[in-house]
Amino acid sequence: MFKQYSAQGGFFQRSLMGAALATAAALSACGGGGSGPSTAISGQVVKGPVEGAQVCAFQVVNNAKGPALGSCVSTNAQGSYSLTVPVGSGPVWLEATGGTYVDEATGNPTTLPADIPMLSLVNATGGTAAAMVTPLTTLAVNTARQVAGANAQVDETAVRQAVTQVLQQLSLPLGLDLLATAPVVGNNANEYGQALAAISEMVAQGTPLADVLSSGNAGQFSQAFATAQEAVSGGSGSGEGGDGGSSGPTPPAPVTPSTVSASGSVTVGSGSFSPEATGFEVTVESNMGYDVKYRFYHSSQRVVNNVTITDTQELVVTRSRYNTSPEYTYSFYDSTGTLPSAQCSSACDVVVSTPVGGTHPVTVTLGGTDATEPVRGTLVGDATNALWSFNELPATTTSSLMRNGVNAVVRTVDYSSTAFLTTASIELSNGALLSISQQGSQPATAIYNGDGMGLCISNCGITLSTSNGVTTVSLQGTVVGSSTFQGTVTLDSTRSTLSSPELGTLTAVHDTIKSVNNVRTVTYAADLTLINVDGITSVAVTSRNGVVTRVDVSARQGQSILSRSCGDGLSSLGVSPCSGVSLGADGRTVSFSNTALYASVVGGQPVVAATLNGSVVARGR
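Along each chain, residues carry numbers from 1 onward, in the same order as the chain's sequence is written. Confidence filtering applies because this is a predicted model: local features only for residues at pLDDT of at least 70, side-chain atom pairs given and counted only at 80 or more, and all residues used for totals across whole chains, interfaces and linings. Heavy atoms throughout the structure, all of them, feed into the side-chain values; hydrogens and water do not.

**Examining a nonpolar patch on the surface**
And step 1. A grouping of I447, M453, L455 and I457 is seen on the molecular surface, where their side chains present a nonpolar patch of about 450 Å² in accessible area.
And step 2. Note on placement: I447 falls in strand β29 (residues 445–448).
And step 3. Judged by its relative accessible area of 38%, I447 falls in the partly exposed class. Patch criteria: residues need more than 30% relative accessible area and no salt bridge. Like-charged residues are merged within 9 Å; nonpolar side chains of Val, Leu, Ile, Met, Phe, Trp and Tyr are merged within 5 Å. In these tables, accessible area is a Shrake-Rupley quantity obtained with a 1.4 Å probe, and a residue counts as shielded only by the protein chains included in the view. Take a side-chain nitrogen of Lys or Arg and a carboxyl oxygen of Asp or Glu: if they are within 4 Å of each other, that pair is a salt bridge. Each helix corresponds to a stretch of at least 4 residues labelled H or I by DSSP, and each strand to a stretch of at least 2 residues labelled E; elements are numbered beginning at the N terminus. Exposure classes here rest on a 1.4 Å probe applied to the protein chains alone. A residue is buried below 20% of its type maximum, exposed above 50%, and partly exposed in between.

**Digging into the pairing of strand β33 (residues 483–492)**
And step 1. Burial of β33 is extensive: seven of the ten residues sit out of reach of the surface.
And step 2. One bridge is not enough; two strands pair if DSSP finds at least two bridges between them. Relative to β33, strand β23 (residues 398–399) is paired through two bridges, and the arrangement is antiparallel. Looking at β33, one finds that T398 is bridged to T490.
And step 3. The pairing of strand β24 (residues 402–403) with β33 spans two bridges and is classified as antiparallel. Note on β33: the bridge partner recorded for R403 is F485.
And step 4. Inspection of the sheet shows strand β32 (residues 470–480) paired to β33 by ten bridges, in the antiparallel sense. Bridging across to β33, S474 finds its partner in T488.
And step 5. In this antiparallel pair of consecutive strands, β32 and β33, the connection spans two residues, and G481 shows a positive phi of 65 degrees.

**As for the sheet that holds strand β2 (residues 38–44)**
And step 1. Reading across from one edge, β6-β2-β11 is the order of the three strands in this open sheet, with mixed pairing throughout. The open sheet has two free edges, formed respectively by β6 (80–86) and β11 (127–130), since each of these has just one partner strand. Mean inter-strand twist for the sheet, computed between neighbouring axes without regard to direction, equals 25 degrees.
And step 2. In terms of strand pairing, β2 meets β6 through seven bridges, oriented antiparallel. Looking across to β6, one finds that S38 is bridged to P86. Every angle, taken between N-to-C directions, lies between 0 and 180 degrees, and every axis is a line fitted to C-alpha atoms, over only the stretch in contact when it is a helix.

**Focus on the sheet that holds strand β20 (residues 350–353)**
And step 1. One open sheet accounts for five strands, arranged β14-β13-β22-β21-β20; its pairing is antiparallel. The open sheet has two free edges, formed respectively by β14 (271–273) and β20, since each of these has just one partner strand. Going across the sheet, the axis of each strand differs from the next one's by a mean of 10 degrees, ignoring polarity.
And step 2. In terms of strand pairing, β20 meets strand β21 (residues 362–367) through four bridges, oriented antiparallel.

**Describing the pairing of strand β26 (residues 410–417)**
And step 1. By the bridge criterion, seven bridges tie β26 to strand β27 (residues 421–428) in an arrangement that is antiparallel. In the strand pairing of β27, V413 is matched with I426.
And step 2. Here β26 hands over to β27 after three residues, the two strands then running antiparallel side by side.

**Looking at the packing of aromatic side chains**
Two descriptors summarise a pair of aromatic rings, namely the distance from one centre to the other and the angle between the planes of the rings.
And step 1. Here the aromatic set is Phe, Tyr and Trp, taking the six-membered ring for Trp, and pairing holds for ring centres within 6.5 Å; pairs whose planes are under 30 degrees apart are stacked, those over 60 apart are edge-to-face, and all others are tilted. According to the stated counting rule, one finds five aromatic pairs in the structure shown.
And step 2. Ring centres 6.3 Å apart and planes at 20 degrees place the aromatic pair F280 and Y294 in the stacked group. Taken together, the residues F280 in strand β15 (residues 280–285) and Y294 in strand β16 (residues 290–304) connect sequence positions 14 residues apart.
And step 3. For F280, a relative accessible area of 1% gives the class buried.
And step 4. The buried category is assigned to Y294, whose relative accessible area is 3%.
And step 5. Aromatic pair F280 and F296: ring centres 5.0 Å apart, planes at 50 degrees, arrangement tilted. Residue F280 is located in strand β15, and its partner F296 is located in strand β16; the two are separated by 16 residues in the primary sequence. Here F280 matches F296 in class, with each residue buried.
And step 6. Either the NZ atom of lysine or the CZ atom of arginine qualifies as a charge over a ring when it sits within 6 Å of the ring centre and within 35 degrees of the ring normal. Lying over the aromatic face of F58, K65 brings its terminal NZ or CZ to 4.7 Å of the ring centre.

**Concerning unusual backbone geometry**
And step 1. If you check the backbone angles, N385 has positive phi at about 60 degrees while not being a glycine.
And step 2. Mapped onto the fold, N385 is located in the loop between β22 (375–383) and β23.

**Describing the nonpolar core**
And step 1. Joining through side-chain atoms within 4.5 Å is the link that ties buried Ala, Val, Leu, Ile, Met, Phe, Trp, Tyr and Cys residues into a set, and such a set is a nonpolar core. Core analysis: the largest hydrophobic core is formed by 61 residues, its most contacted members being F280, Y294, V551 and F592.
And step 2. Here the element with the most residues in this core is strand β43 (residues 589–602); it accounts for five residues.
And step 3. Here, two residues are considered to be in contact whenever any of their heavy atoms come within 4.5 Å of each other. In this structure, F592 is in contact with L498, V539, V541, V551, G580, V581, L612, N613, G614 and V616, ignoring residues within four places of it in sequence.
And step 4. Counting residues in each nonpolar core, the second largest holds 37 residues, with L172, I199, M202 and F221 among its members.

**Observations regarding helix α4 (residues 191–204)**
And step 1. Working rule for helices: expected span equals 1.5 Å times residues minus one. The end-to-end C-alpha distance of α4 is 20 Å, a good match for the 20 Å that 14 residues give at a rise of 1.5 Å each.
And step 2. When we look at burial in α4, the residues that qualify are Y192, G193, A195, L196, A197, A198, I199, S200, E201 and M202.
And step 3. Buried positions along α4 lie against α2 (135–148), β12 (184–185), α5 (209–213) and α6 (222–232).

**Quick look at the pattern of salt bridges**
And step 1. Enumeration over the complete set of coordinates arrives at ten salt bridges.
And step 2. Residue D552 pairs with R550 through a salt bridge whose shortest N-O separation is 2.9 Å.
And step 3. Assessed through its relative accessible area of 26%, D552 is described here as partly exposed.
And step 4. Residue R550 is classed as partly exposed on the basis of its relative accessible area of 21%.
And step 5. Two residues, R588 and D586, come together in a salt bridge whose shortest N-O distance is 3.8 Å. The pair R588 / D586 is uniform in exposure class, with both members buried.
And step 6. Salt bridges here are not isolated pairs; linked through shared partners, they connect D492, R495, D586 and R588.

**As for the state of the cysteines**
And step 1. To count as a disulfide, a pair of cysteine sulfur atoms needs to be within 2.5 Å. If you walk through the whole model with that rule in mind, you get four disulfides.
And step 2. Disulfide pairing is shown between C344 and C348; the S-S distance is 2.1 Å. Taking the torsion about the S-S bond as the criterion, the C344 to C348 disulfide, at about -105 degrees, is left-handed. With respect to class, C344 is no different from C348; both count as buried.
And step 3. Each sulfur in the disulfide pair C566 and C578 lies 2.1 Å from the other. Looking down the S-S bond of the C566 and C578 bridge, the torsion is 110 degrees, so its handedness is right-handed. Within this pair, whereas C566 is found in strand β41 (residues 560–567), its partner C578 is found in the loop between β41 and β42 (581–583), the two being separated by twelve residues in sequence.
And step 4. On the accessibility criterion, C566 (1% relative accessible area) is buried.
And step 5. The connectivity of the disulfides in the chain is 1-2, 3-4, 5-6, 7-8, where the numbers refer to bonded cysteines in sequence order.

Function cannot be inferred from these measures alone, as they are strictly geometric.
Shown next as structure tokens:
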């Protein structure tokens, strides 16, 4: 049961479903209607229902709020509003400021900040449109703006794509429509209302609301949000009907298989290729040079001299991370040699369309130009619970960086620090890199490749500092070529408290997160330059839909490299799934409690060779 309070301090429940459309007549002081065709926009302002908030509509210009569209309106006691804007206004930027609401976590009447508005965005195409205005829609709008960059035009499609990213980062149901679904709060809260209650609890636990409303990266709140969800739902308890006397590790939850589909066909040379019905993979990975990779394949088997051989035809389409506009390359390979190989590395005439919604069928159309062999046709692939962009990987980086006075959106930072050299390679949303290096205690230098090649080797105004595992890169008027940088970039570090009596400890300094369809693999690695140091060198944790399915550990003992594992692939030997290991809601924290790892098989039986305890935390992208 979620905690909800009235202004008098008692429990209450309030259904807001459909209230916006019912109050259109009551809130008739709507600006911008005029006598021509118009779009009627209605919705609710909810963080708890906000009464007396000012809801204003604006055009969107260069990824920011533009000219006002008529007059502002006020919300009623249910947080409902309605206004009209002319058709042809394009994307409509909605912001809500002021007003009061009853905080779900504390039960206290609270005023919405006047200086940091809650946001939403909808397209004005005539008729009616619904637009909720909540902390979650605000995160989605800011995420869309960050992904698009300073000069791009953000519309409802971009915001809906960002909604999916926010839902994934906060482990919320992917089918939840944050823009059009009315939150229901109270004891019978719907999923939206429950999520907003967790936001309030998160703020009560110390996360400033201003940070949430100004962020374009929901991933930075994933752990705090998960903790708040646990608090408002009353904790996990012992389960219904439990007797409190059970012992031993809790068995892992069943793993839901991913639904995968592939269809279509392409011509390759004088032949054709069609993927098998489930022959599709979508891959994203940190610390790699691509944004997303789509693989369509068809496998078949044949027997030669009593040996089974698997033949594969596959088409791989890849989008680079280092381009301001989408640039796709592709390659085709046929292990049978029936079809010719084909490869294109630039100007490949590839168009990729990803519809918005609870699932993401991706449509890839190839025009057949600039390749060793022409490839023409259309393929469609889908996989549930997959990640579809580098930006959807768990992240901890936050930024206030400005370049020449304009917000410079940071996608990721590759950071490394040893006793001799510290480097921070800051990747911006336009594909450019700002590379900072510092040798020992010497002043830091910088290289920027965004407008030619700029270099700063003295008086750069750069400081790097680390406290409690968080690194801050500060640039104060840093001039690199024709660019001047101002602001800070902060990033978490890879951390470990992992230990094993048999294998030693892991001092993790690097991590990689890879997603293939609904499978995630997080790898934590030690500094491999310390070649003569005994202990755990790497831990790879594989999960499906948030449930850990396999753990692989490598360790050094003298001149020997040991491998220990549990989970998938060992069931035929009578080994149960990995026990005592769990993946956090943030997708980057793994906890171990007496987790048994197995080595070789002796007399047909697997042997427990090590146990793990502690936790590891990945920095993510």
